[in-house]
Amino acid sequence: MANKFLELLKTREWLLADGATGTNLFEVGLQTGDAPELWNIEQPEKIYDLQKSFVDAGSDIILTNTFGGTRNRMKLHKAQDRVVEINAAAVKITKKVADNAGRPVVVAGSMGPTGDIFEPVGSLTREEGIAAFREQAFALAEAGADVLWLETISAPEELEAAVTACSETGLPIVTTLSFDTNGRTMMGLTPADFARRVKDLSPIPVAYGANCGVGASEMVTALQNMAMCAEDGDVLVSKSNCGIPEYVDGAIRYTGTPELMAEYARIAVDSGIKIVGGCCGTTANHVKHMREALDNHTRGPKPSLDEIVSRLGEISNGARAMNEAGPLGAKPAEPVTGGGRKRRGRDPKRKAADDGKFPGEV
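In this text the structure is predicted, and so the values were computed from the model without any measurement.

By the element assignment, S217 lies in helix α10 (residues 216–228). What makes S217 buried here is its relative accessible area of 5%. Engagement of the side chain of S217 in a polar contact is seen with the backbone oxygen of E314, the distance being 2.8 Å. Residue contacts for S217: discarding those within four places in its chain leaves I308, L312, G313, E314 and I315.

Structure representation (structure tokens):
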């Protein structure tokens, strides 16, 4: 049987993912410290309504409400023995939304980090990590997810364990890291590191990229850095937070307007990103503006850093330095006059990036 996600990747220039789950559920009653995943059973109608709002706004991919659905995370809510029940219930809701859409909509089984630190820094063993991800992955797969979507990972050890577990289901895998610490993940990985390491995973994910982070400008810069080290045919994913969180009148609010997220979507596609969506703070209204922007957009040249900053906002010094350094970690030497030395040629991937080429283009 053909896989819906893989078929859409073949036939579409871009795909629009959904927006935020947790921050939108807070707007309809979720309390700090609650487990959103338990709402798949306790308040399924609210999960359905949120996901339907994303589909109505134009999303092609909907993530299940299972980000914290491993045994490790659910034990914080004394629900570690309900992993299969909770994940299966989530897929059931999302499949109902997709089936009622009247067009192809992908059900992506969301899988976040375990919340534990892997050895040698922490105490979680690789085997324990694989077991936790395996339990969730099979629950999502057997309930009917189209793709397993690993997100907000920070450490290479956890990424490898998660991919190993997911591979046993036979479903396609997408994985995104969060580059939220001066252009790096919390555990120190750069976008270029990730683009190289992803090729060592078995199997290699169908698509990879970034999610969450600290805003649209930083996200696009991270993906441009990643694209410099990408290989032909790589599918890149960008799911940015909706601006920067601020504490306003006793609640967290995100600064990103629908207009800013529409601009982000256009810039993302121009930067060679095929799957675009939103993360924390992104509402259905933001997604609607993103869809309208992409439906009326013709892909243009890769924006420069100055263009990204002028259109989306400032970026961190770390992200800027990585972008300017190029895929080899250092810019090619400038011409030397009078000494008879020849200028070293640019790395072909750096040249392709500078010339506005994208993964898969010649």
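Summarising burial for strand β3 (residues 106–111): 6 of the 6 residues are buried, a large majority. Here β3 runs beside strand β4 (residues 147–153); their pairing, made up of 4 bridges, is parallel. Bridging across to β4, G109 finds its partner in L148. Considered for its hand, the β-α-β crossover made up of β3, helix α7 (residues 126–143) and β4 is right-handed.

Attention now moves to the sheet that holds strand β2 (residues 61–63). The strand order across the open sheet formed by 8 strands is β1-β10-β7-β6-β5-β4-β3-β2, and the pairing between neighbours is parallel. Pairing within the sheet leaves two strands with one partner each, and these edge strands are β1 (15–16) and β2. Where helix α8 (residues 156–167) meets the sheet, its contacts fall on β3, β4 and β5 (173–177), and the angle it forms with β4 comes to roughly 170 degrees.

Following both chains from N to C, one finds α7 and α8 inclined at 45 degrees, their axes separated by 8 Å at the closest point. By the criterion of interaxial angle, the relationship of α7 to α8 is oblique. Classified by chirality, the crossing of α8 by α7 is right-handed. Facing R126, G129, I130, F133, R134 and A137 of α7, the residues of α8 in contact are E158, E160, A161, A162, T164, A165 and C166. Looking at the contact of α7 with α8 residue by residue, the class counts come to 7 nonpolar, 2 polar and 4 charged.

Reading the values: rules and limits
- Residues numbered from 1 in each chain as written.
- Predicted model: local features only at pLDDT ≥ 70, side-chain atom pairs only at ≥ 80, totals over all residues.
- Heavy atoms only, no water.
- Helix = DSSP H or I, 4+ residues; strand = E, 2+ residues; numbered from the N terminus.
- Buried < 20%, exposed > 50% of the residue type's maximum accessible area, 1.4 Å probe, protein only.
- Polar contact = N/O pair within 3.5 Å; in protein donor to acceptor, adjacent residues only side chain to side chain.
- Contact = heavy atoms within 4.5 Å.
- Pairing = 2+ DSSP bridges.
- Right-handed = clockwise from strand over helix to strand, strands pointing away.
- Axes fitted to C-alpha atoms, helices over the stretch in contact; angles between N-to-C directions.
- Parallel < 35°, antiparallel > 145°, perpendicular 65-115°, else oblique.
- Left-handed = near helix turned anticlockwise from the far one by under 90°.
- Nonpolar A, V, L, I, M, F, W, Y, C, P; charged D, E, K, R; others polar.

Any functional reading would require information that these geometric values do not contain.
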